[in-house]
Amino acid sequence: MKQALVFSDRNGAELEPINSRYSPAMLSIGGRPVLENTLILCQQLGIEEVWLVTGANDEGIREYFESGARWSLNILYIRSRRRECPDSVRRRIGSRLAANFIALRGDIYRPLNREHLSSDNTELPGTKRFWIEMTAGEQEQSLAPLTWSEDGQSLPGEPKSPDLLCTLAAYHQLAIGLDKEQLRQSQPGALSQLHHSLIESGNAIIGDFSEVENGCRMTGTNAIGRHCLISRGACLHNTVILDDTFIGPGMSLENCIVDRNRIIRVDLGVTLNVDDPFFASSCTESPFRDLVFKALERVLAGSFLMALCVGFRPRQPSPVPLRSLLAKAVRGEISLFGKLNSPPEGSEEMPWHSAWRAIPEGAISRSSLVYGMDRDATLTAVAEVELDQPRSLASLIRYTGLYLRACFWAG
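Residues numbered from 1 in each chain as written. Predicted model: local features only at pLDDT ≥ 70, side-chain atom pairs only at ≥ 80, totals over all residues. Heavy atoms only, no water.

What to know about unusual backbone geometry
Note the following rule: Secondary structure elements follow DSSP: runs of H or I of four or more residues count as helices, runs of E of two or more count as strands, with numbering from the N terminus. The classification of residues rests on relative accessible area computed with a 1.4 Å probe and restricted to protein chains. Under 20% of the type maximum is buried, over 50% is exposed, and intermediate values are partly exposed.
Here glutamate 16 and proline 17 are connected by a cis peptide whose omega angle stands at 15 degrees. Topologically, proline 17 is positioned in the loop between β1 (3-8) and β2 (28-29). One non-glycine residue with positive phi stands out, namely serine 72, at about 55 degrees. As for its placement among the helices and strands, serine 72 is situated in the loop between α2 (59-65) and β5 (74-79). Exposure remark for serine 72: the relative accessible area of 55% places this residue in the exposed category.

Focus: the pattern of salt bridges
The criterion, for reference: Note on definitions: salt bridges are taken to be side-chain nitrogens of Lys or Arg within 4 Å of carboxyl oxygens of Asp or Glu.
Counted according to the given criterion, the structure contains 14 salt bridges. Between aspartate 259 and arginine 21 there is a salt bridge, with the nearest N and O atoms lying 2.3 Å from each other. Here aspartate 259, found in strand β17 (residues 256-259), pairs with arginine 21, found in the loop between β1 and β2; they are 238 residues apart in sequence, far enough to count as distant. Among the ionic pairs, aspartate 259 bridges to arginine 262, the shortest N-O distance being 3.5 Å.

A few points about the sheet that holds strand β16 (residues 252-254)
Counted only if it meets this: When DSSP finds at least two bridges between two strands, those strands are taken to pair. Axes, fitted as lines to C-alpha atoms, cover a helix only where it is in contact. Angles between the N-to-C directions of the axes lie from 0 to 180 degrees.
As summarised here, the arrangement of the three strands in space is β10-β13-β16, forming an open sheet in which the pairing is parallel. Every other strand in the sheet has two partners, leaving β10 (217-219) and β16 as the edge strands with one partner each. Direction aside, the axes of adjacent strands within the sheet are offset by 5 degrees on average.

Observations concerning the pairing of strand β19 (residues 270-273)
When strand β18 (residues 262-265) meets β19, the two strands line up antiparallel, connected through four bridges. Looking across to β19, one finds that arginine 262 is bridged to asparagine 273. Taking the residues between adjacent antiparallel strands as the criterion, β18 and β19 are bridged by four residues, where glycine 269 takes a positive phi near 70 degrees.

Examining the side chain of serine 365
In plain terms, the rule: Definition of a polar contact: a pair of N or O atoms within 3.5 Å, with one able to donate and the other able to accept a hydrogen when the atoms are protein atoms, and with sequence-neighbouring residues admitted only if both atoms are side-chain atoms.
Note on placement: serine 365 falls in strand β22 (residues 362-365). Taking the relative accessible area as the measure of exposure, serine 365 reaches 0% and is therefore buried. Side chain to side chain, serine 365 and glutamate 384 meet in a polar contact 3.3 Å long.

Here we look at the packing of aromatic side chains
Which entries qualify depends on this criterion: The aromatic pairing rule takes the rings of Phe, Tyr and Trp, using the six-membered ring of Trp, and pairs them if the centres are within 6.5 Å, calling planes under 30 degrees apart stacked, those over 60 edge-to-face and the rest tilted.
This model, assessed by the stated rule, comprises six aromatic pairs. When the centroid spacing of 6.1 Å and the interplanar angle of 35 degrees are considered together, the rings of tyrosine 64 and tryptophan 71 count as tilted. Here tyrosine 64 and tryptophan 71 have matching classes, each one buried. Judged by centre distance (5.8 Å) and plane angle (40 degrees), the ring pair of phenylalanine 337 and tyrosine 399 falls under tilted.

Concerning the confidence of the model for the chain
What counts is decided by this rule: Scored between 0 and 100, pLDDT is the confidence that the predictor attaches to each residue. Contacts are assigned to residue pairs that have any heavy atoms within 4.5 Å of one another.
Summing up the model confidence of the chain, the mean pLDDT is 82 and the portion of residues at 70 or higher is 83%. Contacts for the low-pLDDT stretch residues 114-122, under 50 throughout, to residues beyond four places or in other chains number twelve contacts.

Points about the environment of glutamate 211
Relative to the helices and strands, glutamate 211 resides in strand β9 (residues 211-212). In sequence terms glutamate 211 and isoleucine 230 are 19 residues apart; their C-alpha atoms lie 6.3 Å from each other. Residues contacting glutamate 211, with those up to four places away along its chain left out, are Gln193, Ile206, Cys228, Leu229 and Ile230.

Focus on the environment of asparagine 238
Structurally, the position occupied by asparagine 238 is in the loop between β13 (235-237) and β14 (240-241). Here the alpha-carbon distance between asparagine 238 and glutamate 254, two residues 16 residues apart in the chain, equals 5.9 Å. If sequence neighbours within four positions are ignored, asparagine 238 has contacts with His172, Ile176, Thr219, Gly220, Thr221, Asn222, Asn255 and Cys256. Here threonine 221 takes part through its backbone nitrogen, which lies 2.9 Å from a polar atom of the side chain of asparagine 238. At 3.3 Å, the side chain of asparagine 238 forms a polar contact with the side chain of histidine 237.

Here it is in structure tokens:
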């Protein structure tokens, strides 16, 4: 049985801010994740079993590829440890990995076309990058060439190219820069709706279960992910829409990457968070519910601000006066409950740092309400990660109760 060892464990820090939801392996190009191209190549080479090495945030990879049956592969998952080298992963697999196998990176873009898939030729540009063929007589050969550098820029001395997905601009270039032959072969997504008359010039790629309503105007090359809805009146030009994104009427987007309510203008290096869910938001969340939640947060923040004026003083550690923070929450500039403290020194190396950074800034720290203020910075940051919850009425009521208790107890 032919085996492959595929590394898709990059944390994607070089692709911030979209790395909070996507690993480089799951970014879509030509209507499918870049890792899927690698697995298709493995299947065409007669490989039957793939050891897929994933990172800490691998839920998306496991949900999409599952057991590998759709690609006639048997996929076995192994999660890499922090800063673990490829040779260490290989040793952990041990004898379960055959003497003859192929080791390669699956989180770079490998172009495929029908001529390649119908022939035995594997010498297309990019297919041999980060690729090591191991035989029984080469068991001592190191897999170090497959190690991704800590700065997210491939290996020292390795020439940079867009297919390595080292920057947002590189991903945008690949997603909209497919040649006409590749676009002609791209199939529309399953159960997707896109009428050809909406494309005034150029091409479009649309993922599964997505819809572009009549009245939308599209020029250039646009790539739309899975479970997306583009409303009538929207105008798209050379734009990449990531999964689960709603684009409302009247939105005009050019040279952008859009991730739910986050719009990244790659040519200008500017990121904008859209607060109004009727213009850009998540398709998996109710815009009305989000508006009601934000309104309730502002009402509570205003009530807390009034309570401060009459003398309540909760136990709230903060380098910034709480009155100023609550005023920001009333204006909608920050959340009511969220992270407050600065990250401790050296935390960039810790496995919880990326999760801590994803927590929105808040006027009131959850960790200070639950555990009190007498904790060092590292424990406070870890507690904030532990207590971070999806925005819900239950969590808002819970922390409001803790805040009121702290007010009366301190008063």
